[in-house]
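# Fold and geometry: a report
Listed below, chain by chain, are the residues.
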Amino acid sequence: MKQYDVVIIGAGPAGLAAAVSAFDAGIRSILILERDREAGGILNQCIHNGFGLHTFKEELTGPEYADRFVKQVEERGIECRLNTMVMDIGVECGAEAESVDAKHGVDAMEKPSCRSLKYVTAMSRTDGMYQVAARTVILAMGCRERPRGALNIPGYRPAGIYSAGTAQRLVNMEGYLPGKKVVILGSGDIGLIMARRMTLEGAKVQVVAELMPYSGGLKRNIVQCLDDYGIPLKLSHTVVDIQGKERVEGVTLAQVDEKRRPIAGTEETYECDTLLLSVGLLPENELSAGLGVELSPVTSGPIVNESLETNIEGVFACGNVLHVHDLVDFVSEEAGLAGKNAAAYITRMGKEEAAGQVQIEISPQSGVRYTVPSHIRLSQMQDTQTIRFRVGDVYKNCFIRAYLNDKQIISKKRPVMAPGEMEQLVLKKEQLLTFVEPEEKSHCLVIRVEEK
Amino acid sequence: MSIKKLICIGCPLGCEMEAEQEGTEIISVKGNTCPRGDAYARKELTSPTRIVTSTIRVEGGARHMVPVKTRQDIPKGKIFDCMEEVRKLSVTAPVHVGDVIVKDIAGTGVALVATGNVNVSN
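Keep in mind the model is a prediction, meaning the values are calculated, not measured. (Residues numbered from 1 in each chain as written. Chains lettered and ligands numbered in written order. Predicted model: local features only at pLDDT ≥ 70, side-chain atom pairs only at ≥ 80, totals over all residues. Heavy atoms only, no water.)

## Quick word on unusual backbone geometry
Across the junction of valine 372 of chain A and proline 373 of chain A, the peptide omega takes the value 0°, indicating a cis bond. Within the secondary structure layout, proline 373 of chain A lies in the loop between β21 (368-372) and β22 (375-377). With omega at 0°, the peptide bond leading from alanine 93 of chain B into proline 94 of chain B counts as cis. At arginine 260 of chain A, a position not held by glycine, the phi torsion is positive, near 65°. Note on placement: arginine 260 of chain A falls in the loop between β15 (250-255) and β16 (268-271). You will see that alanine 106 of chain B, though not glycine, has its phi angle at about 55°, which is positive. Secondary-structure assignment places alanine 106 of chain B in the loop between β9 (100-102) and β10 (112-114). (Helix = DSSP H or I, 4+ residues; strand = E, 2+ residues; numbered from the N terminus.)

Here it is as structure tokens:
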């Protein structure tokens with residue numbers, strides 16, 4: 001069996017950036033596994049502009065952004081196997097690992113001085129099913145769209161109901177327009193982008209309905225995708241009926257009350273042949289769960305420490321498989337960190353870590369739904385640590401505050417915060433050290449939204 | 001004099017801005033966090049522009065479609081003229097990022113360029 005230092009699952013923006021940064025940190029044995037026919041992930045169908053302002057200081061389209069990273073991977077000669085589906089990731093520890101190694105004929109001299117190796121089972125048309133061994137694994141599988149089945153929309157199941165991302169792939173990559181008269185449920189960014197895209201291709205997008213009293217997408221997408229084309233956005237509205245048996249013939253919307261229950265008498269029916277759903281994204285963690293990675297019930301992504309390492313040693317996560325991002329630039333940044341940390345893990349392998357190290361648990365409270373990472377080992381922390389999170393509601397003129405062992409260490413004024421836009425705080429190690437008693441091994445950092 | 005409210009589309013921050021307008025003249029812009037916001041507000045209120053992105057068919061390629069964009073922003077009023085021309089276009093593989101498809105799209109003086117790669121079908 002072939003063995004690699006770093007095996008990366010997925011060649012989307014996260015996987016590519018992780019590979020580049022692991023290589024640049026000195027690792028030469030890297031393998032990327034990708035199930036699609038090309039690298040770049042979802043960026044290949046995101047043909048609109050607005051990517052890369054942070055990473056490249058210029059505005060690129062999705063495919064151009066992907067192309068930059070694909071080129072970086074190619075320049076470094078990193079192995080990337082396309083059309084390859086990963087079926088399973090397993091860990092064999094200690095003595096067990098040795099027996100498995102013997103079974104698979106791994107040369108004893110080559111065997112790393114680590115406690116555990118990971119085994120990645122993959123398959124492709126050309127190579128059939130096979131296994132590779134990995135000293136570290138970086139999970140970069142991305143996310144999936146929430147489907148109709150998760151929504152409880154009444155009505156028949158006619159043709160003409162698509163997730164916004166499916167419609168995006170059909171229009172932008174396959175060259176088909178899925179319908180002519182369109183209603184969109186959900187104001188997530190993909191739905192907004194598709195409202196504009198279908199309009200440009202000659203379809204009539206009649207309305208975008210959003211269940212919540214605020215949009216789930218970026219403000220600028222409301223302006224340039226809806227307002228520019230006179231497409232109405234109906235907040236606090238949902239689909240209460242879908243007409244049509246073979247093909248969608250109409251969709252009925254109704255206003256909802258503060259408990260999101262439809263209000264009788266507010267129904268409006270739109271004649272249409274297509275309903276697009278843009279109702280949220282879910283990290284795709286079947287492989288992670290199979291491996292025994294602990295997942296957060298809030299994000300559906302792995303729970304990670306400051307190094308983006310999961311509860312399974314040597315297994316890292318980044319990008320949308322970890323938590324759904326709004327901006328690919330932040331995915332690249334996060335993935336770069338995961339790649340660097342995987343490299344550092346390999347370099348340090350065999351050197352036992354000091355027992356009983358100082359750990360800070362991060363506790364998201366009042367308005368803060370989750371944080372990534374969820375805990376920090378002070379010994380492994382860099383000079384600064386970015387904490388990313390989302391809030392649960394729309395807040396105006398509020399403060400994001402961080403308290404370490406009940407002492408306020410950060411207070412940041414935010415004019416507007418919304419669940420659709422990811423927030424961040426940057427912690428300074430120097431500052432944390434002044435508040436942490438070295439004898440005390442366990443500390444608590446509370447992050448919360450406060451009105452005053 | 002009138003006050004116009006705008007949301008900047010320059011980056012994902014989406015700054016909420018207020019611009020004071022006197023006839024065709026913009027007197028002040030408030031609420032922007034960077035110079036791009038100021039520039040956007042002035043342009044948006046006098047001669048609004050957008051970058052247009054779309055796809056065109058590829059003959060003999062490993063993929064059916066290649067993504068394209070206008071290299072710079074074009075007047076908002078020209079978006080549908082631009083799309084009409086784009087719909088009639090096709091190219092022959094291979095196509096690479098940055099290849100000029102049309103030098104001047106819809107009389108805007110702006111080039112239409114490929115934003116993706118499509119290899120020859122094998």
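## What to know about the nonpolar core
Counting 67 residues, the largest nonpolar core has Ile9 and Leu139 of chain A as the members making the most contacts within it. Lining this core are residues from two domains, each supplying at least three of them: domain 1 (2-143 + 282-352) and domain 3 (363-450) of chain A. In this structure isoleucine 9 of chain A touches Leu33, Val86, Ile89, Val120, Val137, Ile138, Leu139, Ala140, Met141 and Leu287 of chain A, once residues within four positions along its chain are discounted. Tyr162 and Ala203 of chain A together with Ala106 and Leu112 of chain B belong to the second-largest nonpolar core, a separate cluster that totals 42 residues. (Core = buried A, V, L, I, M, F, W, Y, C linked by side-chain atoms within 4.5 Å. Buried < 20%, exposed > 50% of the residue type's maximum accessible area, 1.4 Å probe, protein only. Domains from an automatic or database assignment. Contact = heavy atoms within 4.5 Å.)

## Concerning the sheet that holds strand β14 (residues 237-243) of chain A
All names here are of chain A. Spatially, the 3 strands line up as an open sheet ordered β14-β15-β16, and their pairing is antiparallel. Each of the sheet's edge strands pairs with one partner strand only, and the pair in question is β14 and β16. Here the average twist between neighbouring strands, direction ignored, is 30°. (Pairing = 2+ DSSP bridges. Axes fitted to C-alpha atoms, helices over the stretch in contact; angles between N-to-C directions.)

## What to know about the sheet that holds strand β26 (residues 423-428) of chain A
All names here are of chain A. On the basis of which strands lie adjacent, the open sheet formed by 3 strands has the order β21-β23-β26 and antiparallel pairing. Lying at the two open borders of the sheet, with one neighbouring strand each, are β21 and β26. Pairs of neighbouring strands in the sheet enclose a mean axial angle of 30°, with direction left out of account. Note that β21 and strand β23 (residues 384-391) share 4 bridges and pair antiparallel. Bridging from a neighbouring strand, threonine 371 pairs with phenylalanine 389 of β23.

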